[in-house]
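Chains, contacts and geometry: an overview
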Amino acid sequence: MPDVLPHHEFAREIADWLRSALRAVVFTGAGISTESGIPDFRSPQGIWATTRPVYFQEYLASASAREESWRQKVLVFNEFGRASPNAGHLILAAWEHSGRIARVVTQNIDGLHTAAGSRAPIEVHGTAKSVKCLDCQARFPVEPQVEEFRSTGRVPACPQCGGLLKWATISFGEPLDPRVWDEALEVAREADVFLAIGSSLVVEPAASLPRVAQEHGARLAIINREATPLDSRADVVYRASISEALEAIDACLL
Ligand code: NAD
Ligand code: ZN
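First things first, this report covers the structure right here in the doc. Numbers given to residues run from 1 along each chain, matching the order in which its sequence is written. Written order determines the labels here, with chains lettered from A and ligands numbered from 1. Whole-chain, interface and lining totals are the exception, using all residues; otherwise, since this is a predicted model, local features are given only for residues with pLDDT of at least 70 and side-chain atom pairs are given and counted only at 80 or more. In computing side-chain properties, one takes all heavy atoms of the structure into account and sets aside hydrogens as well as water.

1. Focus on unusual backbone geometry
Residues other than glycine predominantly adopt negative phi, and peptide bonds predominantly adopt the trans conformation. Of note, the bond from E204 into P205 is cis; its omega dihedral lies within 30 degrees of zero at 5 degrees. Considering the arrangement of structural elements, one finds P205 in the loop between β8 (193–197) and α9 (208–215). The phi angle at A120 is positive, at roughly 45 degrees, despite the residue not being glycine. Working definition: helices are DSSP H or I runs of at least four residues, strands are E runs of at least two. Numbering for both runs from the N terminus. Mapped onto the elements of the fold, A120 is located in the loop between α6 (112–116) and β4 (122–123).

Here you go:
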């Protein structure tokens, strides 16, 4: 069983890991953004508590499903638009700039790691900040497309080829982008420290990244308010608010 350490011991332990790490990798989930006001997946206020998601196959097959998907995404867009990075995102960005961690990999689509200053976070579930053309693969900023949808009520076409435009998030039933996923796997394999933060780690492939890192020699710490199925394999587990946990580690690094 892993050590479930008290606050100060945990913070000291992880600070020691980060000091000696050559390639520390942080993997985040929706939990890191709840303190920015974005509900996580399981929360009763979350959009999926009240809305049925549109599956990728439905999006391809049906114009009304595409309209429903855009209607939902505009709600998400409004929610994300008001959010700004919290202490957790900012500390991770600062660690990256000072060389304490090598890379952030995230399941989140809210763009808050980028807004906090993280360099090229690997977004395995895509991003709500862009739209992508399913025909020519071009990408565009989301704002003008949202404006068009709001004013016409119709799903916009690709400005480049007239093809099918979809939000650059991975829909239910849509395969991950293989290049992005391969990069996430490579980063996990090369990690010597792997911190999984704010994820329930119940959905594949999210749960496989910490396992891959461990199988390739990384030490694994899990920071999450609730228990996760990988707790028993982790070297250290910490159940706390993410911003408090990261602030405590950061204080030990000074
Ligand atoms: P999840 O909702 O399954 O798990 C989040 C975990 O974080 C929970 O176990 C919860 O207890 C914990 N948590 C929440 N706030 C916390 C806090 N302040 N301190 C400590 N722990 C906290 O999230 P997941 O594992 O990322 O899976 C959800 C899926 O939904 C992902 O695929 C993600 O793409 C998507 N999603 C993204 C966002 C976003 O971009 N912000 C929001 C909701 C859902
Ligand atoms: Zn196109």
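2. Notes on the nonpolar core
In this description, a nonpolar core means a group of buried Ala, Val, Leu, Ile, Met, Phe, Trp, Tyr and Cys residues linked to one another through side-chain atoms lying within 4.5 Å. Burial status follows relative accessibility: with a 1.4 Å probe on protein chains alone, a residue under 20% of its type maximum counts as buried, one over 50% as exposed, and anything between as partly exposed. Membership of the largest hydrophobic core comes to 29 residues, with the highest contact counts inside it found for L18, W95, L195, L246 and I249. When contributions to this core are tallied by element, the ones reaching two or more residues are α1 (7–20), β2 (24–28), α5 (87–97), β8, β9 (219–223), β10 (236–238) and α10 (242–253). Residues contacting L18, with those up to four places away along its chain left out, are A24, W95, R100, I101, V193, L195, I249 and L253. Ranked by size, the runner-up nonpolar core spans 24 residues in total, among them A191, A213, L230 and V237. Between two residues, a contact is recorded if the distance between any of their heavy atoms is within 4.5 Å.

3. Concerning the side chain of T228
With respect to the secondary-structure elements, T228 resides in the loop between β9 and β10. Using a relative accessible area of 8% as the deciding quantity, one classes T228 as buried. Think of a polar contact as two N or O atoms within 3.5 Å of one another; within protein, one of them needs to be a possible hydrogen donor and the other a possible acceptor, and neighboring residues in sequence only count if both atoms come from side chains. Engagement of the side chain of T228 in a polar contact is seen with the side chain of D231, the distance being 2.8 Å. Not counting residues within four places of it along the chain, the set of residues in contact with T228 comprises S199, S200, L201 and I222.

4. Structural notes on the layout of surface pockets
Both cavities and pockets are sets of points on a 1 Å grid over the protein atoms alone; in a cavity a 1.4 Å probe fits but cannot get out, in a pocket the set is open with protein on both sides within 12 Å along at least five of seven lines, and lining residues sit with an atom within 4 Å of a point. Grid points are joined across faces, edges and corners, and a volume is the space filled by probe spheres set on the points. Reported here for the second largest pocket is a volume of approximately 390 Å³. Surrounding the second largest pocket, 18 residues form its lining, K132, R139, I170, D177 and R179 being those nearest its centre. Elements supplying a minimum of two residues to the lining of the second largest pocket: β5 (126–133) and α8 (178–190). Here the residues of the lining of the second largest pocket sort into nine nonpolar, three polar and six charged. In the scheme used here, Gly and all other residues not listed as nonpolar or charged are polar, with Ala, Val, Leu, Ile, Met, Phe, Trp, Tyr, Cys and Pro taken as nonpolar and Asp, Glu, Lys and Arg as charged.

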